[in-house]
Amino acid sequence: MDLSPLFPSNAVIVNATDEMWETPVHTEEERLIQGSIKKRQRQFRAGRNAAHAALEQLDAPDGPLLRGEDRQPIWPRGYVGSISHCDDSCVAVCAVEGEIISLGIDVEPLKPLKPKIARYIDTEDEKTFMQRHQDLPRRLIFSAKESLYKCYYPLVGRFFGFQSVTLDVDISRQRFQFRPTAACKIDFPHHLKFHGGYLIAEEHLYTGCFLTPGTPVAVQSR
Ligand SMILES: CC(C)(COP(=O)(O)OP(=O)(O)OC[C@H]1O[C@@H](n2cnc3c(N)ncnc32)[C@H](O)[C@@H]1OP(=O)(O)O)[C@@H](O)C(=O)NCCC(=O)NCCS
């Protein structure tokens, strides 16, 4: 799947190859999944191998990508990135920090969420919007919020819940913006411009977010 419409042309996106799911990573990275179930080990390896491949294309120094206290990958100094995996797809996106301040990516199967989870994700505005657009992937709001979280986490440094923001989706352009809700306890950096988009493939939904310093950068045309 060509995910380039989601990000500026200076970001490198890697879809994990079959080999990446199986190939062990750096010893220090392998230590992070010691004792994990096989499925988790495969997803972790796919994500780390895809991220290493993206960083290599950006001439980043090779080295283990460890993780911080909230599970966030620790990128080499001067680089930003994001990883996502589901059962049968894994993607990583990386860029040199500068024109792009932060990135977030998410992949989801084109299946509805379990109702007991779904009810905590969408705000009232989003529920109304999704009811009006039954043809959209049921996980759209969930996925967009997951990638938004990954994108903002390095800047805000803390967990924030799904009811913190409400999304405004532009179906014609497959893009989205967000508004903090009354429940929001996060001080989103106002000096940065947020860009959000989604792509629907045969079996998956992909969402991507990035932040730029103020003025928009050119996003590759679809
Ligand atoms: C962190 C979270 C987004 C990860 O999602 P997931 O369903 O486990 O799965 P994904 O495969 O899409 O993403 C996992 C990857 O996200 C990355 N990640 C995890 N925590 C992260 C964080 N705090 N910041 C940035 N990236 C993070 C990691 O690379 C992880 O893969 P790895 O453990 O193999 O390195 C999710 O578990 C979570 O906590 N969500 C609640 C927070 C949220 O989304 N709030 C809504 C805001 S509006």
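Residues numbered from 1 in each chain as written. Predicted model: local features only at pLDDT ≥ 70, side-chain atom pairs only at ≥ 80, totals over all residues.

- You'll find the protein entered in an unreviewed UniProt entry as Enterobactin synthase component D, with Candidatus Thiodiazotropha endolucinida given as the organism.
- UniProt, in its Sequence similarities (unreviewed entry) section for the protein, records the words "Belongs to the P-Pant transferase superfamily. EntD family."
- UniProt, in the comment section headed Cofactor (unreviewed entry), describes the protein in these words: "Mg(2+)". (UniProt positions renumbered as here; feature names shortened; annotations may be inferred.)

Concerning the sheet that holds strand 1 (residues 12-15)
Then step 1. In spatial order, the strands read 1-3-2; together these 3 strands make up an open sheet with antiparallel pairing. Unpaired on one side and paired on the other, strand 1 and strand 2 (79-85) mark the two borders of the sheet. Mean inter-strand twist for the sheet, computed between neighbouring axes without regard to direction, equals 10°.
Then step 2. The sheet contact formed by strand 1 and strand 3 (residues 90-96) spans 4 bridges and is antiparallel. The residue of strand 3 that forms the bridge with I13 is V93.
Then step 3. The strands touched by helix 3 (residues 38-57) are strand 1, strand 2 and strand 3; relative to strand 3, the strand with the most contacts, the crossing angle is about 30°. (Pairing = 2+ DSSP bridges. Helix = DSSP H or I, 4+ residues; strand = E, 2+ residues; numbered from the N terminus. Axes fitted to C-alpha atoms, helices over the stretch in contact; angles between N-to-C directions. Contact = placed C-beta atoms within 7 Å.)

A word on the sheet that holds strand 5 (residues 165-170)
Either a parallel or an antiparallel arrangement is found when strands of a sheet pair, and the pairing is made through backbone hydrogen bonds.
Then step 1. Ordered by their spatial adjacency, 5 strands build an open sheet running 4-8-7-6-5, and the pairing between neighbours is antiparallel. The open sheet has two edge strands, strand 4 (102-109) and strand 5, and neither has a second partner. The mean angle between the axes of side-by-side strands here comes to 25°, regardless of whether they run parallel or antiparallel.
Then step 2. Bridge count for strand 7 (residues 193-200) against strand 8 (residues 204-212) is 8 bridges, and the pairing is antiparallel. Its bridge partner being in strand 8, I200 is matched across the sheet by L205.
Then step 3. Across the sheet, helix 6 (residues 140-156) touches strand 4, strand 5, strand 6 (175-180), strand 7 and strand 8, and the angle it forms with strand 4 is around 155°.

What to know about the site of the ligand
Then step 1. Inspection of the region around the ligand gives 23 residues, with R71, Q72, S84, Y149 and Y153 positioned closest.
Then step 2. The set of elements that each furnish at least two residues to the shell around the ligand consists of helix 3, strand 2 and helix 6.
Then step 3. The element best represented in the shell around the ligand is helix 6, accounting for 6 residues.
Then step 4. Per-class residue counts for the shell around the ligand are 9 nonpolar, 7 polar and 7 charged. (Near = placed C-beta within 6 Å. Nonpolar A, V, L, I, M, F, W, Y, C, P; charged D, E, K, R; others polar.)

Describing the UniProt feature "domain: 4'-phosphopantetheinyl transferase N-terminal" (unreviewed entry) in the protein
Then step 1. The UniProt record marks residues 28-95 with the feature "domain: 4'-phosphopantetheinyl transferase N-terminal" (unreviewed entry), using the residue numbering of this structure.
Then step 2. Strand forms 19% of residues 28-95 and helix 35%; the C-alpha atoms that close the span are 23 Å apart.

Considering the environment of G78
Then step 1. If you trace the backbone, G78 turns up in the loop between helix 3 and strand 2.
Then step 2. C-beta crowding within 10 Å serves as the criterion here: with 11 such atoms nearby, G78 is assigned to the exposed category.
Then step 3. Considering only alpha carbons, one finds G78 and G98, 20 residues apart in sequence, at a separation of 8.0 Å.
Then step 4. Every residue in contact with G78, bar those within four places of it in the chain, is listed here: V96 and E97. (Buried ≥ 20, exposed ≤ 12 C-beta atoms within 10 Å, placed from the backbone.)

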